[in-house]
Amino acid sequence: QVQLVESGGGLVQPGGSLRLSCAASGSILSFTVMGWYRQAPGKQRELVAVISSGGSTNYVDSVKGRFTISRDNAKNMVFLQMNSLKPEDTAVYYCYAARGVFSYWGQGTQVTVSS
């Protein structure tokens with residue numbers, strides 16, 4: 001019954017910023033890990049950023065210094081602040097959450113970086 005819904009995607013110019021949000025519903029307990037993945041056409045889905053319930057974070061090298069992941073445990077939400085966006089950041093971004101042996105995925109939100 002857990003459902004993840006992403007929002008905040010769209011079209012932005014290179015150098016611009018976007019903030020993605022993911023809201024989890026149908027879960028009483030907090031998730032141990034939440035994060036963001038992305039997939040461009042013809043490419044494998046890759047990890048962008050993850051954050052634990054304790055606040056530990058990890059980022060793919062290509063976004064370090066530009067993206068920031070955060071979460072609100074009380075609301076079961078996770079966010080991705082994306083700054084200095086590049087055309088190569090263009091992809092469908094997917095929200096991810098895990099608790100115990102269970103993992104969940106959102107349907108994705110399109111991010112397009114183009115002039």
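The following paragraphs examine the structure supplied in this document. Everything quoted here is computed from the prediction, not taken from an experiment. (Residues numbered from 1 in each chain as written. Predicted model: local features only at pLDDT ≥ 70, side-chain atom pairs only at ≥ 80, totals over all residues. Heavy atoms only, no water.)

**Let's talk about the overall build of the protein**
A count of helices and strands for the protein gives 0 helices and 11 strands. What you see in the protein, going N to C, is helices and strands ordered as β-β-β-β-β-β-β-β-β-β-β. Against the 2.2 N^0.38 benchmark of 13 Å for 115 residues, the protein shows a C-alpha radius of gyration of 13 Å, consistent with a compact globule. With the C-alpha coordinates aligned to their principal axes, the bounding extent of the protein is approximately 45 × 25 × 25 Å. Residues counted as buried form 41% of the 115 residues belonging to the protein. Here the contacts in the protein between residues at least 6 apart in sequence split such that 53% fall between residues at least 24 apart. Per element, the accessible surface of the protein, about 6200 Å² overall, is 50% carbon and sulfur. (Helix = DSSP H or I, 4+ residues; strand = E, 2+ residues; numbered from the N terminus. Rg over C-alpha atoms; globule rule 2.2 N^0.38 Å. Buried < 20%, exposed > 50% of the residue type's maximum accessible area, 1.4 Å probe, protein only. Contact = heavy atoms within 4.5 Å. Areas by Shrake-Rupley, 256 points an atom, 1.4 Å probe, with all protein chains shown as cover.)

**Brief notes about the environment of Ser 84**
Relative to the helices and strands, Ser 84 resides in the loop between strand E8 (77-82) and strand E9 (91-99). C-alpha separation for the pair Ser 84 and Val 63, spaced 21 residues apart in sequence, amounts to 9.5 Å. With sequence-adjacent residues up to four places away left out, Ser 84 is seen in contact with Gly 15, Gly 16, Ser 17, Arg 66 and Asp 89.

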